[in-house]
Amino acid sequence: MTDAPDWRRRRWEATHERIFEAAVGLFETHGFDQVSVSRLAEAAGVSVPTFYAHYPSKEHVVMRLVAPEQVAALISAQPADLPLAVRIRRAAIESLTGIGAEVRDQLHARWQIIAGSATLRNRAGEFDRITATMVAQACSDGDRPRPEDLVVASAYLAAYTTGLLTWADGDGEHTLEECIEAAFDALARA
């Protein structure tokens, strides 16, 4: 009976991926704002409650919030004596290292959908603020992040998202890393 939990996990992952693929296809064809959750569920061959068991909203299908532990690991992997801006910049670029072609293609498809929807562009700002709080918290010694760390993290997360959107809007002339580096450079010059 030790196979039962593994089988359930594989089944859950397969359903999760099927919902994602169906949603991306519908969003690319019809636009994010024109696709309802019931239509997503139907296309994936699941019920609406099953959709919500996998994703809290249709926005979360394409917009993924990084776990606080992942943020803390990325930041703590950087030398603590570096300024926070440099630590964030290095962590952001290093997080892209080793991403395979399939994952990069999925990332590009997701960000093209985000770039094409005013609703999702606005939600990206909300996700930036949440992630910036996680970054600042990862740097804090106490219960609350320092306001100056929160300002720096917020600015760099907004620049990171701008780089992603530029990459999604682009014609493939620049790599993802080039777009993000350009956004960080613009922020550093400001």
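Cut-offs and rules
Residues numbered from 1 in each chain as written. Predicted model: local features only at pLDDT ≥ 70, side-chain atom pairs only at ≥ 80, totals over all residues. Heavy atoms only, no water. Patch = residues over 30% accessible without salt bridge, like charges linked within 9 Å, V, L, I, M, F, W, Y side chains within 5 Å. Areas by Shrake-Rupley, 256 points an atom, 1.4 Å probe, with all protein chains shown as cover. Salt bridge = Lys/Arg side-chain N within 4 Å of Asp/Glu carboxyl O. Lys, Arg positive; Asp, Glu negative; His and termini not counted. Charge placed at Lys NZ, Arg CZ, Asp CG, Glu CD. Helix = DSSP H or I, 4+ residues; strand = E, 2+ residues; numbered from the N terminus. Phe/Tyr/Trp six-rings, centres within 6.5 Å; stacked < 30°, edge-to-face > 60°. Buried < 20%, exposed > 50% of the residue type's maximum accessible area, 1.4 Å probe, protein only.

A. Up close: a negative patch on the surface. A cluster of like negative charges, contributed by Glu-17, Glu-21, Glu-102 and Asp-105, occupies part of the molecular surface. Positionally, Glu-21 belongs in helix H1 (residues 3-30).

B. Representation of the packing of aromatic side chains. In the structure shown here, the tally under the stated rule is five aromatic pairs. Ring geometry for Phe-27 versus Phe-32: centroids 4.9 Å apart, planes at 55°, classification tilted. Neither Phe-27 nor Phe-32 differs from the other in exposure class; each is buried. Ring geometry for Tyr-156 versus Phe-184: centroids 5.4 Å apart, planes at 45°, classification tilted. One end of the pair, Tyr-156, is in helix H9 (residues 147-169); the other, Phe-184, is in helix H10 (residues 176-189), with 28 residues separating them in the sequence. Comparing Tyr-156 with Phe-184, the two get one shared label, buried. Put simply, the rings of Phe-51, Tyr-52 and Tyr-55 pair up and form one aromatic cluster.

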